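A closer look at the structure
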Amino acid sequence: CRDGYIIGYYQGNRLIGQRYVNNSLASTGVFVNTIQVGPGKEYYPNGLLKYEGNFVNGLASGQGKLYEENGKLKYIGSFANGYASGQGRIFDASGRLKCEGNFARLPTNQENSKDPSVPTGHCKEYYDNGQLKYEGEFLSGVWHGEGRSYDRSGRLVHKGKFRNGKAVG
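Residues numbered from 1 in each chain as written. Predicted model: local features only at pLDDT ≥ 70, side-chain atom pairs only at ≥ 80, totals over all residues. Heavy atoms only, no water.

Of all hydrophobic cores here, the largest spans 14 residues; its most connected members are Tyr51, Tyr75, Phe79, Phe103, Tyr134, Phe138 and Trp143. Those elements that place two or more of their residues in this core are β5 (49-56), β7 (73-80), β8 (83-91), β9 (97-105) and β11 (132-139). Once you skip the residues sitting within four places of it in the chain, Trp143 turns out to touch Glu125, Lys133, Tyr134, Glu137, Phe138, Ser149, Phe162, Arg163, Asn164 and Gly165. (Core = buried A, V, L, I, M, F, W, Y, C linked by side-chain atoms within 4.5 Å. Buried < 20%, exposed > 50% of the residue type's maximum accessible area, 1.4 Å probe, protein only. Helix = DSSP H or I, 4+ residues; strand = E, 2+ residues; numbered from the N terminus. Contact = heavy atoms within 4.5 Å.)

Below, the structure written as structure tokens:
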């Protein structure tokens, strides 16, 4: 295992156990040739859960949950190649629903290393009071296309086209 070791037992060609990196628990689950596959968990260096769900070739893929380093749930939904991708829900630091819908990874020239996946396609965004803020099309994380925006009390502000996060017309 690269930069660490795995402790566990074999079932056929699959090793079921725990992977340690720098003597800290890094992940638990099923490993084939030291690569994590199937259901499992990944941990932050501080020992708190980072991800629980499915792995393909050592990366989060399929359904799963992603947590912040402080243990708070950050995202629940679909993953592909280690990133939020497909239908899911993102939560704020207080655990409130922030956005739900379709997510995709930003192109690498725009990538934010902490949050490389953003709303893309049809999504709903919410205020911190739980009120719907926007429902409609997103492009690379911003309101773009047909949609509806609302004020904090739930009144419709604009229905129609949005471009680069702003109402058009």
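On to the pattern of salt bridges. Applying the stated criterion across every chain yields a total of five salt bridges. For Glu125, the salt bridge goes to Lys133, with nearest N and O atoms at 3.9 Å. Residue classification places Lys133 among the partly exposed residues on the basis of a relative accessible area of 25%. Of the charged contacts in the structure, one is a salt bridge between Glu146 and Lys161, with a shortest N-O distance of 3.2 Å. With Glu146 in strand β12 (residues 142-150) and Lys161 in strand β13 (residues 156-163), this residue pair connects regions lying 15 residues apart in the sequence. On the basis of relative accessibility, which here comes to 44%, the residue Glu146 falls in the partly exposed class. (Salt bridge = Lys/Arg side-chain N within 4 Å of Asp/Glu carboxyl O.)

With that settled, consider unusual backbone geometry. The backbone of Ser140 shows a phi angle near 50°, a positive value even though the residue is not glycine. Along the polypeptide, Ser140 turns up in the loop between β11 and β12. A positive phi angle, close to 50°, is found at Asn164, a residue other than glycine. Mapping Asn164 onto the fold places it in the loop between β13 and β14 (166-167).

For the structure on display, the rule yields zero disulfides. Here Cys99 is not disulfide-linked; the sulfur of Cys123 is the nearest cysteine sulfur, at 4.8 Å. Judged by its relative accessible area of 1%, Cys123 falls in the buried class. (Disulfide = S-S within 2.5 Å.)

Here we take up the side chain of Ser27. Looking at the element boundaries, Ser27 is found in strand β3 (residues 24-32). For Ser27, a relative accessible area of 0% translates into the label buried. A polar contact is formed between the side chain of Ser27 and the side chain of Gln36, at a distance of 3.1 Å. In this structure, Ser27 is in contact with Gly17, Gln18, Arg19, Gln36, Lys41, Glu42 and Tyr43, ignoring residues within four places of it in sequence. (Polar contact = N/O pair within 3.5 Å; in protein donor to acceptor, adjacent residues only side chain to side chain.)

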